[in-house]
Each structure stands twice: as structure tokens, then as C-alpha cells.
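So you can see what is in the structure, the chains are spelled out below.
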Amino acid sequence: MSAVPDPDPRPPRRPATRAVEAGRAANDRSLSTPLWATSTWEAAGLDDANRRATAARGAQFYSRYANPTVRAFEDAVADLEGAESALAFASGMGAVATVVLALCSAGDHVVAQRQLYAGTLAFLQGPCRRFGIDVTLVDGSVPGAFAEAVRPGRTMLVVAETPSNPRLDLVDLDELGRLRGPFTVVDSTLATPLGQQPLRHGIHLSLHSATKGIAGHNDATLGVVAGEAELLDAIWAYGVLHGATPSPFDALNALRGVRTLDVRLQRQATTARRLADALAGHTAVGEVRYPGLPDHPQHALAATQMTSFGSMLAVDLHGGRPAASAFLDHLRLARVATSLGGPETLVCHPATSTHASLTPAEATACGVTAGLLRISVGLEDPDDLVEDLVGALDARPDDYR
Ligand SMILES: *Cc1c(COP(=O)(O)O)cnc(C)c1O
């Protein structure tokens, strides 16, 4: 260590700047990150081959172990999350499955919230139970719920998601970060790394489906987890065997998404708030859920832990499934599709699509009613979107009784 001050200290940069700057360490003089479309690298003899094969997260050995394009994306996400390191996967579910199976063994206990992405819930309730991993589900929006369900010495992992899919329930990150004993992972997909940073609240791992807002253009399928390097090295050691390896091309698309994430998120959040206000006053609507709305039950919490209220809202229509169906039929701009965080506004009916595999009791427990619609707000002109969505509600008033 030298006591001589750095003559050219880099000033700390704000998040939007870091989204543009991060992940360039291996670019040489290229502004755009090169696409390393290779599965393997040539070694210069036995010693070099051995060095490449045995280095943790070994660079330039074999792409299931590591790939420079993927690494650039991982470095950018780590920077935005305030993490030592990040690790990418072939999908958000690849990240979920690898993290859970890397950290948990038969006989271990997991606490998870009920309000989870349906794939995560299905993974915890299906394969995990089959492998002897015991799972307790709690209401993640209730203070103290996670802590109460933890069994000291047995609970290995706590799985939370905030804001949750599809009803935008929140988890108190400070409270979860104070939990001692189990590892904590927060699925932060709906917030994006610019909307909240779970690690700053003491959470061990922040997880994203980068398919969504991070990549942001519906052209990549990718997952990523950020946290301490030592923990990620352990997850990586299992992950190379699990094999949910990201494609370098998808990582390149997602890194391009990171560059514009700040402006996209700002535009989407502003429009989402406008739509939430426009829909909340409509007679056809029972409830609008958006963390930025003052009457969201956890709005105060959202204001303390989120730097953007995000691009997602949920609307519960009077009239159940027929009303939801009529509404979708009358949309002329917003599209009926799953996924979120892209340029096009997408509306999905969780009860018949993302959450169709839930039993009626499970659907009720996580608030997926027959009239619930999830809206991913895109980048279209906000006036066009208000006209389209309010117009679709006005079109068939008889359906919303
Ligand atoms: C989409 C999504 C996932 C799964 O991600 P994939 O990339 O589709 O595998 C996990 N969590 C949340 C909150 C999601 O929206």
C-alpha cells in the first residue's frame, strides 16, 4: 500500500453514467464490446492448458466456464448493483435453478414468498420438493413473515421478489437484509439494477431475468446474479455442471440494453404513472397496482427503497375473465403477450397465461384474480397509450359490470 495519493482519482460516477461506462475492461480500443462467438480456446502447451482449465471462472478456456463477451455484461451489472461480481445464465430460470441447487441440498429448508414469478414458484414446489428440499411459503409483504418462518440451522436460503410479479407487492429490503443465518436472494427483475440495489440493504444476492428490462428489446433470453465474488465462485462451480450457460450473443444484446437502461426506465416509469392515474379513475376498474401511486399499500416503502417505480402496473377489472377478454380484444396498440421491460407495451392475463398452472387456491393466495391484467409499459407516446387503454375500457361498458 502506498500513501501517495492517486494523481488522477476517478470521481465517483452516477448510475446512468456507470451504465454507459461499465464493462469495458477488455474492449481494447473498440467502443462496442466484441462478440466472442467461440466455444473454446487454444492452449500453448500443457502448463497453459492446465492453468486455463483450473482457474476459477477461468477466462479463455471453454465458453461453458467463461466467455469475454458474457464477462463484459456481468461486469456492467455488478457495477450497477454495487456488487463485487456478477454471473450470467441462459435465462432468469437458469439463474434461479442454479442458485437454489448450488446452495441447497436434500434436507435443507428454503423460505420463499408466495408472490413469486410462476416459474420460480413451480421450481420450488416441484423439483425442489422432489429433491428433498423443504420449502415454506410466506406472504412477503407482511413485516416479519420471512424471519418467523426461518428454522435456525436448517434454513439455507430465503427467496424474495420485489416488486413481485404480477401484482407489484413489495418486500422490505432492509428487514430482509437484517436476517442472520440463511443466504438471501432477491429477484429484482421488475425494478432493474437502476430501480433498486438489494445488496445495499444487506441482501446476499440480487437476481434478474435480464430477458426483461435489462436487455430491454425482447431479443435476448438471459439471467444474471450479483453478489460477493466468493459466493458467486461457489455458485459458478456448480453452474458449470448445471449448464444453464448464457449465449455470448444474448449477453451482447443485453449489454447494449444496459447502455440505454436509464432513459428507457425513466420514460417507461413516467408513462406507467400516467396510465395508472388514467385507469384508476375508470368505472370499469376495481384496483390499479403501481408502487408509484400514493394509494399503493406499500407506497411509502417503495419511496424509500426504489429509485424508480418501474415500468409495470397491474389492473383488476370488474367483470372477471369476460371483462379482461373484451378489454384485450379492443386494444389497437398494446399487444397481448407475456414478458416485460421491452419497447412495446404488452398486456398479459396472468390467470390464463403466466399463472395458468396454479391451482385456484394458489392463484387466490398470490392475488391472481380472473380480472387481473399485468401491463408492461413500453416506449410509445404516452398519449397514444392512454387513448388505447382507456379506449378499450370505454368500448364495451356492458362487459365491466
Ligand atoms: C421472467 C421472469 C423470470 C424468469 O426469467 P426467464 O428469463 O424467462 O427465464 C424470473 N423472475 C421474474 C420476476 C421474471 O419476470
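A quick note: this is a predicted structure, and the numbers were derived from the prediction, not measured.

1. With respect to the sheet that holds strand 12 (residues 372-376)
Logical step 1: Strand order in the open sheet formed by five strands is 8-9-12-11-10, with mixed pairing between adjacent strands. Lying at the two open borders of the sheet, with one neighbouring strand each, are strand 8 (285-289) and strand 10 (335-336).
Logical step 2: Sheet topology note: the strand 8/strand 9 (residues 312-317) ladder contains four bridges and is antiparallel. The residue bridging Val285 from the neighbouring strand is Leu317, located in strand 9.

2. Comments concerning the sheet that holds strand 1 (residues 85-89)
Logical step 1: Strand order in the open sheet formed by seven strands is 1-7-6-5-4-2-3, and the pairing between neighbours is mixed. In the strand order of this sheet, the two ends are held by strand 1 and strand 3 (134-138), each with one partner. When strand polarity is set aside, the average angle formed by the axes of neighbouring strands in this sheet is 20°.
Logical step 2: With four bridges joining them, strand 6 (residues 205-209) and strand 7 (residues 223-227) adopt antiparallel strand pairing. Paired with His208 across the bridge in strand 7 is Val224.

3. Some thoughts on the pairing of strand 5 (residues 183-187)
Logical step 1: For strand 5, the buried fraction is high: four of the five residues fall into the buried class.
Logical step 2: Relative to strand 5, strand 4 (residues 155-161) runs parallel, the two being bridged by five bridges. Within strand 5, the residue paired with Leu157 across the bridge is Phe183.
Logical step 3: Where strand 5 and strand 6 come together, three bridges link them in parallel fashion. Along strand 6, the bridge assignment pairs Val186 with Ser206.

4. Focus on the domain arrangement of the protein chain
Note on interface size: it is often stated as the accessible area lost on association of the parts.
Logical step 1: Under the domain assignment used here, the protein chain contains domain 1 (15-259) and domain 2 (262-400).
Logical step 2: One C-alpha centre belongs to domain 1, the other to domain 2, and the line joining them spans 27 Å.
Logical step 3: Each side of the interface is counted separately: domain 1 has 36 residues, and domain 2 has 35 residues.
Logical step 4: Of the roughly 3,000 Å² buried at the junction of domain 1 and domain 2 (both faces included), carbon and sulfur atoms supply 56%.
Logical step 5: The salt bridge partner of Arg167 is Glu287, with a shortest N-O separation of 3.8 Å.
Logical step 6: Where domain 1 touches domain 2, the interface holds 13 residue pairs in polar contact (both at pLDDT 80 or more).
Logical step 7: Where the side of domain 1 that touches domain 2 is concerned, the elements lending two or more residues are helix 5 (118-130) and helix 9 (248-280).
Logical step 8: Tallying contributions element by element places helix 5 first for the side of domain 1 that touches domain 2, with three residues.
Logical step 9: In terms of residue class, the side of domain 1 that touches domain 2 is made up of 16 nonpolar, 15 polar and five charged.

Rules used in this analysis
- Residues numbered from 1 in each chain as written.
- Predicted model: local features only at pLDDT ≥ 70, side-chain atom pairs only at ≥ 80, totals over all residues.
- Heavy atoms only, no water.
- Pairing = 2+ DSSP bridges.
- Helix = DSSP H or I, 4+ residues; strand = E, 2+ residues; numbered from the N terminus.
- Axes fitted to C-alpha atoms, helices over the stretch in contact; angles between N-to-C directions.
- Buried < 20%, exposed > 50% of the residue type's maximum accessible area, 1.4 Å probe, protein only.
- Domains from an automatic or database assignment.
- Contact = heavy atoms within 4.5 Å.
- Buried area = accessible area lost by both parts, 1.4 Å probe.
- Salt bridge = Lys/Arg side-chain N within 4 Å of Asp/Glu carboxyl O.
- Polar contact = N/O pair within 3.5 Å; in protein donor to acceptor, adjacent residues only side chain to side chain.
- Nonpolar A, V, L, I, M, F, W, Y, C, P; charged D, E, K, R; others polar.

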